[in-house]
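Examination of the molecular architecture
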Amino acid sequence: KAYRYGIELDGNSYNINGLKLMFSYLIAKGEDEKSLNEVDITVSYLLDADLSFDLIYSNVTDKININSFENMRFFINYNF
C-alpha cells in the first residue's frame, strides 16, 4: 500500500505570478511491514508560456530496498 499527501501554494494568490511551492509526502509499506518514506519539496516558476524552471529536493528513506538518499535537481523546460 502507498499513500501520497501533498499541498501546493500558488504564488498568483500573493501577486507572485508564475511561482508555485509544492510539498509532498509518500508512505509505502512492503509485505513485511518495512516502509519507504519520501519527502519532496518543489519550487516551480513559469516565466512565460514556453519557459519554466523547477527546483526539486527529495529525501528518501527506503527500508524496503535498503536504499536511502537525498538529492536536489534543477530543470529548465522549454516548449518548442
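In what follows, the structure referred to is the one given above.
Presented here is a report on the structure given in the accompanying data block. (Residues numbered from 1 in each chain as written. Predicted model: local features only at pLDDT ≥ 70, side-chain atom pairs only at ≥ 80, totals over all residues. Heavy atoms only, no water.)

This brings us to the overall build of the protein. Regarding its fold elements, the protein presents 0 helices and 5 strands. Helices (α) and strands (β) of the protein occur, in sequence order from the N terminus, as β-β-β-β-β. The C-alpha atoms of the protein give 16 Å as radius of gyration, which overshoots the globular expectation for 80 residues (12 Å, by more than 25%). Taken along its principal axes, the extent of the C-alpha atoms in the protein is 45 × 25 × 20 Å. A burial count over the protein gives 22% of its 80 residues as buried. Here the contacts in the protein between residues at least 6 apart in sequence split such that 27% fall between residues at least 24 apart. Total accessible area on the protein stands at roughly 6000 Å², and carbon and sulfur atoms take up 57% of it. Each charge class in the protein was averaged separately, 7 positive and 12 negative side chains, and the resulting centres sit 9 Å apart. (Helix = DSSP H or I, 4+ residues; strand = E, 2+ residues; numbered from the N terminus. Rg over C-alpha atoms; globule rule 2.2 N^0.38 Å. Buried < 20%, exposed > 50% of the residue type's maximum accessible area, 1.4 Å probe, protein only. Contact = heavy atoms within 4.5 Å. Areas by Shrake-Rupley, 256 points an atom, 1.4 Å probe, with all protein chains shown as cover. Lys, Arg positive; Asp, Glu negative; His and termini not counted. Charge placed at Lys NZ, Arg CZ, Asp CG, Glu CD.)

Here we take up the side chain of Ser58. Here Ser58 shows up in strand 4 (residues 51–62). With a relative accessible area of 3%, Ser58 lands in the buried category. Residues in contact with Ser58, not counting those within four places in the same chain, are Glu38, Val39, Asp40, Phe69, Glu70, Asn71 and Arg73.

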